[in-house]
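Listed below are the residues making up each chain.
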Amino acid sequence: MTTFVLVHGAWGGAHGFHLLRPRLRAAGHDVVTPSLTGIGERAHLAGPWVDLSVHVRDVVNAVLYEDLREIVLLGFSYGGMVVTGALEEIGDRVRDLVYLDAFVPDDGRSVVSLAPALAAIVPAPGADGLGAPWLVPAPERHYDDPAEAAWSGPRRSPQPVRTFTEPVRLTRPVEEWPLRRTYLRAVREDVTGGAFAAAAARARRSAAWRYVEIDSTHLVPQNRPDELARILLDLAE
């Protein structure tokens, strides 16, 4: 049995994996899907203090408190920032690190520094004065199934701005960690304006990575759950 720890993206929540979870569990594996503070089912905990470090702690604690080991750790979209930051504390518990159409940051990089196109919807860093905006509204996303769109759309929530502006901290590049790395690229769009394409190119040109393309728009867990499950189950063997 393999333990999959799936970390959702921005404006999302653990519910975004509701089609993927049963497919992995039906194959006999354990699946943990922590929701990040201030979004998804934990939207009631949103506040201007919520930053990337808080989300890293959400994932680290989920792994440590359950004493999970030899895990497949997946970061979807913004979740790539979170799983990267989590390596400093739980890297020795990760067997496979999977980036699903996600950011792959180096030390000191933030979402807004990797994807300047997002700066148009993210308030400037340091805008912390009284009355300053601290929530970033959820942009629209494409769902292949109208029923899934009707179900998921109302569950998308605004996200605290500091999660996008705080840089990740990492003592060595992702390629230097003693684990297996996979980048899964949704080839139909890049919702960041180029950051995911750059991450995919980084993986393609390095022998340290396995690179796989999926014929989908960005929301792979909901648009291509069967194909994604097959890829992840290959990692479990």
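The coordinates are above.
Everything numeric in this text was worked out from a predicted model, so none of it was measured.

**Student:** Give a detailed account of the pattern of salt bridges, specifying residues and quantitative values.
**Tutor:** Across all of its chains, the model carries 14 salt bridges by this definition. For Asp-58, the salt bridge goes to Arg-42, with nearest N and O atoms at 3.2 Å. Here the residue Asp-58 occupies a position in helix α2 (residues 52–65), and Arg-42 occupies one in the loop between β2 (30–32) and α2, the gap between them amounting to 16 residues. Take Arg-42: its relative accessible area is 25%, and that puts it in the partly exposed class. Arg-93 is the partner of Asp-67 in a salt bridge, and the nearest nitrogen-oxygen pair spans 2.9 Å. Here Arg-93 lies in the loop between α3 (79–90) and β4 (94–100) and Asp-67 lies in the loop between α2 and β3 (71–76), a separation of 26 residues in the sequence. Residue classification places Arg-93 among the buried residues on the basis of a relative accessible area of 12%. Through salt bridges that share partners, Asp-67, Arg-69 and Arg-93 make up one connected network.

**Student:** Talk me through α3; I want residue IDs and the actual numbers.
**Tutor:** With 12 residues, α3 ought to run about 16 Å at 1.5 Å a step, and its terminal C-alpha atoms sit 15 Å apart, in line with that. Of all 12 residues in α3, 10 are buried, a share of seventy percent or more. Listed as buried for α3 are Gly-79, Gly-80, Met-81, Val-82, Val-83, Thr-84, Gly-85, Ala-86, Leu-87 and Ile-90. Those residues of α3 hidden inside the fold are in contact with β1 (3–7), α2, β3, β4 and α4 (111–114).

**Student:** Account for the sheet that holds β1, with residues named and values stated.
**Tutor:** Taking strand neighbours across the sheet as the criterion, the six strands line up as β2-β1-β3-β4-β7-β8 in an open arrangement whose pairing is parallel. Of all strands in the sheet, those bounded by a partner on one side alone are β2 and β8 (209–214). Strand-to-strand twist of the sheet, defined as the mean angle between neighbouring strand axes without regard to direction, takes the value 20°. Strand direction decides the pairing type here: β1 and β2, joined by three bridges, are parallel. Paired with Thr-3 across the bridge in β2 is Asp-30. Strands in contact with α3 are β1, β3 and β4; relative to β3, the strand with the most contacts, it is inclined by about 145°.

**Student:** Talk me through the side chain of Thr-2; I want residue IDs and the actual numbers.
**Tutor:** Residue position: Thr-2 is located in the segment before β1. Other than its neighbours up to four places away in sequence, Thr-2 contacts His-29, Asp-30, Val-72, Arg-95 and Ala-236.

**Student:** Requested: an account of the pairing of β4, with residues and values cited.
**Tutor:** The two faces of the sheet receive side chains in turn, since in a regular strand these alternate between them. The element β4 is largely enclosed, with a buried count of six among its seven residues. Inspection of the sheet shows β3 paired to β4 by six bridges, in the parallel sense. Paired with Gly-75 across the strands is Tyr-99, a residue of β4. When β4 meets strand β7 (residues 180–186), the two strands line up parallel, connected through five bridges. Counted as the bridge partner of Val-98 is Thr-182 from β7.

**Student:** Any details on the environment of Asp-145? Residues and values, ideally.
**Tutor:** Relative to the assigned elements, Asp-145 resides in the loop between β5 (135–136) and α5 (146–152). Since its relative accessible area comes to 42%, Asp-145 is described here as partly exposed. Distance in space between the C-alpha atoms of Asp-145 and Gln-222 is 8.6 Å, their sequence separation being 77 residues. Only 2.9 Å separates the side chain of Asp-145 from the backbone nitrogen of Ala-147, close enough to count as a polar contact.

**Student:** Help me get a handle on the packing of α2 against α3, residues and values and all.
**Tutor:** Between α2 and α3, the least distance of the axes is 8 Å, while the angle of their chain directions is 55°. Classified by the interaxial angle, the pair formed by α2 and α3 is oblique. Relative to α3, α2 is oriented so that their crossing is right-handed. The residues of α3 that touch α2, namely those facing Leu-52, His-55, Val-56, Arg-57, Val-59, Val-60, Val-63 and Leu-64, are Met-81, Val-82, Gly-85, Ala-86, Glu-89 and Ile-90. For the contact of α2 with α3, the residue count by class is 10 nonpolar, two polar and two charged.

**Student:** An account of the environment of Val-94 is requested, with residue identities and associated values reported.
**Tutor:** Tracing the backbone shows Val-94 in strand β4. Counting along the chain gives 19 residues from Val-94 to Gly-75, while the straight-line C-alpha distance between them is 12 Å. Discounting residues that sit within four places of it in the chain, Val-94 has contacts with Ile-71, Leu-73 and Leu-179.

Reading the values: rules and limits
- Residues numbered from 1 in each chain as written.
- Predicted model: local features only at pLDDT ≥ 70, side-chain atom pairs only at ≥ 80, totals over all residues.
- Heavy atoms only, no water.
- Salt bridge = Lys/Arg side-chain N within 4 Å of Asp/Glu carboxyl O.
- Helix = DSSP H or I, 4+ residues; strand = E, 2+ residues; numbered from the N terminus.
- Buried < 20%, exposed > 50% of the residue type's maximum accessible area, 1.4 Å probe, protein only.
- Expected span 1.5 Å × (residues − 1).
- Contact = heavy atoms within 4.5 Å.
- Pairing = 2+ DSSP bridges.
- Axes fitted to C-alpha atoms, helices over the stretch in contact; angles between N-to-C directions.
- Polar contact = N/O pair within 3.5 Å; in protein donor to acceptor, adjacent residues only side chain to side chain.
- Parallel < 35°, antiparallel > 145°, perpendicular 65-115°, else oblique.
- Left-handed = near helix turned anticlockwise from the far one by under 90°.
- Nonpolar A, V, L, I, M, F, W, Y, C, P; charged D, E, K, R; others polar.

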